[in-house]
Amino acid sequence: MLLSQYFMPTLKETPSDAQIASHRLMLRAGMIYQTSAGIYGWLPMATRVLENIQRIVREEQDRAGAQEVILPTIQSADLWKQSGRYDAYGQEMLRFKDRHEREILYTPTAEEAITDIAAHHIKSYRDLPKLLYQIQWKFRDEIRPRFGVMRGREFLMKDCYSFDIDYEGALRSYQLMLEAYIKSFIRMGLTAIPVKADPGAIGGNLSQEFHVLASTGESLIYYDQKLDTLLQDPKNIDVDQLMNIYAAEETLHNPKECAVPEAQLKQARGIEVGHIFYFGTKYSEAFNMKVSGPTGNMIIPHMGSYGIGISRLVGAIIEANHDDAGIIWPEGVAPFKVGLISIRTDDEATTKTCRHLYETLQNQGISVLYDDREERPGAKFATMDLMGAPWQLRVGPKGLEKGLIELKNRRTGETQELSIDSALSYLMQQLSH
Ligand code: ATP
Ligand code: MG
């Protein structure tokens, strides 16, 4: 992508109404446009990040055996009356009427819709287990939308629902999702702590929230510091340990009952980016879902639901990955892997080298944002630091006289001078995994 043509309306001034870094940076980098409170338009760069997050989530959901569906965003009130949530949900639910005066709503979550479908079509224990997920916009009329996309009213969520014949099956589905979540978050460059959550009316211990550590997080969490190392390697996930190791939100943390030695207990603020929980037969009963068992007996399936805040993650990733100069995208989600800067657009050798780098990298499937604008080098460096590509290539006549270009690692700030070919092969090696 040529920056001269790219729609990235950056702001020079820091927006005064944005309270946290990710919100400020998303506005400054021209990623989002607020159309009304908690409702945003996603501009090209943010859309790319959203796509990258979705790709990772999809791959891991699919790998766990879940199948993607798309459920309607607008649903009939009748569906929600059947579960009793039409009245229970309260003011967060956006309700309206169609031209026939029928009550409809913009869905805040989809347990009802998916259970209705499952109840109609799943009739035998042989059809189970089933894990069905969607990535779909939700609406919740939050009383205080804030922190940009972090607590929006309209937001993108991945929601998955599991159907099993019994508790043991539901536990297996839960564990598959736990593993998929850990893998997804690691691939996004995040440490997301699985924290014991309030199981609600169901009881039991199958309810965990995933919290990305960031000083601006809304919740305070306590966790065994062993988790820091357990959450590093996506190929080596010990699900049993992750279900039993201590991590709890402030309200559920009881220092007297916590067996973790004080020196090993960490305290941090977290942003909730996901939630997995088992809720038994609450919805299958409400929708009269029954499957025949092996002996002709009738079974009410056990269900769980598993959410990831896709759009909130964009903010959470920035909260956990930025510095004074701007965003530092983890490679897995970066809108562009490489930012290419031409220091002198009027120099022929510079332009030729830039084109060569741009085309070679793109041919290798590596996304590049090429700053080909006629601008001062200082302004270009600042823009590239702000938009946060993990790698920067700087090309100018002085270096080229010696056959060298500069490669900068956005996270460490380290720069090295390399020949064109070694810069290319270094980048391809770094970005090939
Ligand atoms: P919170 O406590 O932050 O309001 P929640 O418990 O209401 O979250 P869930 O119903 O579990 O959230 O939804 C699944 C995920 O959707 C959450 O983990 C979160 O990442 C995301 N999410 C929930 N509400 C919002 C919102 N208003 N804006 C953006 N993302 C949200
Ligand atoms: Mg909420």
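Think of each chain on its own: its residues are numbered from 1, step by step along the sequence as written. Think of it this way: whatever chain is written first is A, whatever ligand is written first is 1, and the rest follow in order. Whole-chain, interface and lining totals are the exception, using all residues; otherwise, since this is a predicted model, local features are given only for residues with pLDDT of at least 70 and side-chain atom pairs are given and counted only at 80 or more. Water and hydrogen atoms were dropped before computing side-chain values, which therefore reflect all heavy atoms in the structure.

> Help me understand the pattern of salt bridges, please; the structure alone is not making it clear to me.
One side-chain nitrogen of Lys or Arg within 4 Å of one carboxyl oxygen of Asp or Glu is enough to make a salt bridge. A full pass over the atoms with the stated rule returns 24 salt bridges. Measuring nitrogen to oxygen at the nearest pair gives 2.7 Å for the salt bridge that ties R187 to E59. Residue R187 is located in helix α6 (residues 167–187), and its partner E59 is located in helix α2 (residues 44–63); the two are separated by 128 residues in the primary sequence. Exposed residues in this analysis have more than 50% of their type's maximum accessible area, buried residues have under 20%, and partly exposed residues fall in between, with area computed by a 1.4 Å probe over protein chains only. A relative accessible area of 28% places R187 in the partly exposed class. For E59, a relative accessible area of 34% gives the class partly exposed. The residue E359 makes a salt bridge to R355 at a minimum N-O spacing of 3.4 Å. Here E359 pairs with R355, and both are found in helix α11 (residues 348–363), just four residues apart, close to one helical turn. Of the residues examined, R355 reaches a relative accessible area of 36% and is grouped as partly exposed. Because the salt bridges share partners, they merge into one network encompassing E59, E60, R63 and R187. Labels follow the DSSP assignment, with helices taken as runs of H or I lasting at least four residues and strands as runs of E lasting at least two, numbered in each case from the N terminus.

> Sorry, what's going on with helix α10 (residues 310–320) here?
Since the α-helix turns once every 3.6 residues, residues separated by three or four places project in the same direction. Burial analysis of α10 places ten of its eleven residues in the buried class, which makes it a mostly covered element. Where α10 is concerned, the buried positions are I310, S311, R312, L313, V314, G315, A316, I317, I318 and E319.

> How should the packing of aromatic side chains be read in this particular structure?
When the centres of two rings from Phe, Tyr and Trp lie within 6.5 Å, Trp using its six-membered ring, the rings pair. Their planes under 30 degrees apart give stacked, over 60 give edge-to-face, and anything left gives tilted. Counted according to the given criterion, the structure contains twelve aromatic pairs. Judged by centre distance (5.3 Å) and plane angle (85 degrees), the rings of Y167 and Y278 are edge-to-face. Remark: Y278 occurs in strand β13 (residues 265–280) and Y167 occurs in helix α6; sequence separation between them is 111 residues. With 5.1 Å between their ring centres and 80 degrees between their planes, F279 and Y283 make a pair best called edge-to-face. Against the face of Y86 rests R95, its NZ or CZ located 4.7 Å from the ring centre. Here, over-ring charges are defined by two tests on the NZ atom of lysine or the CZ atom of arginine: distance to the ring centre within 6 Å, and angle to the ring normal within 35 degrees. Against the face of F381 rests R394, its NZ or CZ located 3.8 Å from the ring centre.

> What exactly am I supposed to notice about the domain arrangement of the protein chain here?
Where interface size is quoted, it is often the accessible area lost as the parts come together. When cut into domains, the protein chain gives domain 1 (21–323) and domain 2 (336–430). Taken over C-alpha atoms, the centre of domain 1 sits 39 Å from the centre of domain 2. On the side of domain 2, six residues touch domain 1, which itself brings seven residues to the contact. When domain 1 packs against domain 2, close to 580 Å² is buried across both sides, 55% of that on carbon and sulfur atoms. Contact with domain 2 buries surface across domain 1, with M45, R48 and D323 losing the most and accounting together for 59% of the total. Counting the contacts that link domain 1 with domain 2 gives one salt bridge. For this analysis, a polar contact is any N or O atom pair within 3.5 Å, provided that within protein one partner can donate a hydrogen and the other can accept it, and provided that sequence-adjacent residues contribute only side-chain to side-chain pairs. Our count for the domain 1 to domain 2 interface comes out at two residue pairs in polar contact (both at pLDDT 80 or more). Counting residues per element, the ones that place at least two in the side of domain 1 that touches domain 2 are α1 (21–28) and α2. Only Asp, Glu, Lys and Arg are considered charged in this grouping, and only Ala, Val, Leu, Ile, Met, Phe, Trp, Tyr, Cys and Pro are considered nonpolar; every other residue, Gly among them, is considered polar. Of the residues assigned to the side of domain 1 that touches domain 2, the class counts are three nonpolar, one polar and three charged. By convention here, the domain bounds are inherited from an automatic or database domain assignment. The contact criterion used throughout is that any non-hydrogen atoms of two residues lie within 4.5 Å. Take the accessible area each of two parts loses on contact, using a 1.4 Å probe, and add the two losses: that sum is the buried area.

> Teacher, can you tell me more about empty space enclosed by the protein here?
Empty space among the atoms can be located by rolling a probe the size of a water molecule over them. Residues are called lining when one of their atoms sits within 4 Å of a cavity or pocket point, these points coming from a 1 Å grid over the protein atoms alone, where a cavity is a set in which a 1.4 Å probe fits but cannot get out and a pocket is an open set with protein on both sides within 12 Å along at least five of seven lines. Grid points are joined across faces, edges and corners, and a volume is the space filled by probe spheres set on the points. One pass over the full model with this rule turns up one cavity of 30 Å³ or more. Considering only enclosed or pocket space, the largest cavity measures out at about 40 Å³ in volume. For the largest cavity, the full set of lining residues is Y181, I182, F185, I186, L190, T191, A192, F210 and L231. Of the residues assigned to the lining of the largest cavity, the class counts are eight nonpolar, one polar and no charged.

> What is the right way to look at the layout of surface pockets in this model?
For the largest pocket, the calculated volume is near 1,200 Å³. Along its surface, the largest pocket is lined by 46 residues, and R140, M157, E209, E272 and H275 are the ones closest to its centre. Top element by residues in the lining of the largest pocket is β13. It accounts for eight residues. Residue composition of the lining of the largest pocket, by class: 17 nonpolar, 15 polar and 14 charged.

> Which parts of the structure should I look at to understand the sheet that holds strand β21 (residues 391–395)?
Backbone-to-backbone hydrogen bonds join strands into a sheet, with any given pair of strands oriented parallel or antiparallel. Should DSSP find at least two bridges between two strands, the strands are taken to pair. The five strands are arranged β20-β19-β21-β22-β23 in an open sheet whose pairing can be described as mixed. In this open sheet, the two edge strands, each paired with only one partner strand, are β20 (368–371) and β23 (415–419). Pairs of neighbouring strands in the sheet enclose a mean axial angle of 25 degrees, with direction left out of account. Axis definition: a line fitted to C-alpha atoms, limited for helices to the stretch in contact. Angles are taken between N-to-C directions and run from 0 to 180 degrees. Those strands touched by α11 are β19 (338–342), β20, β21 and β22 (404–409), and its axis lies near 165 degrees from that of β19.

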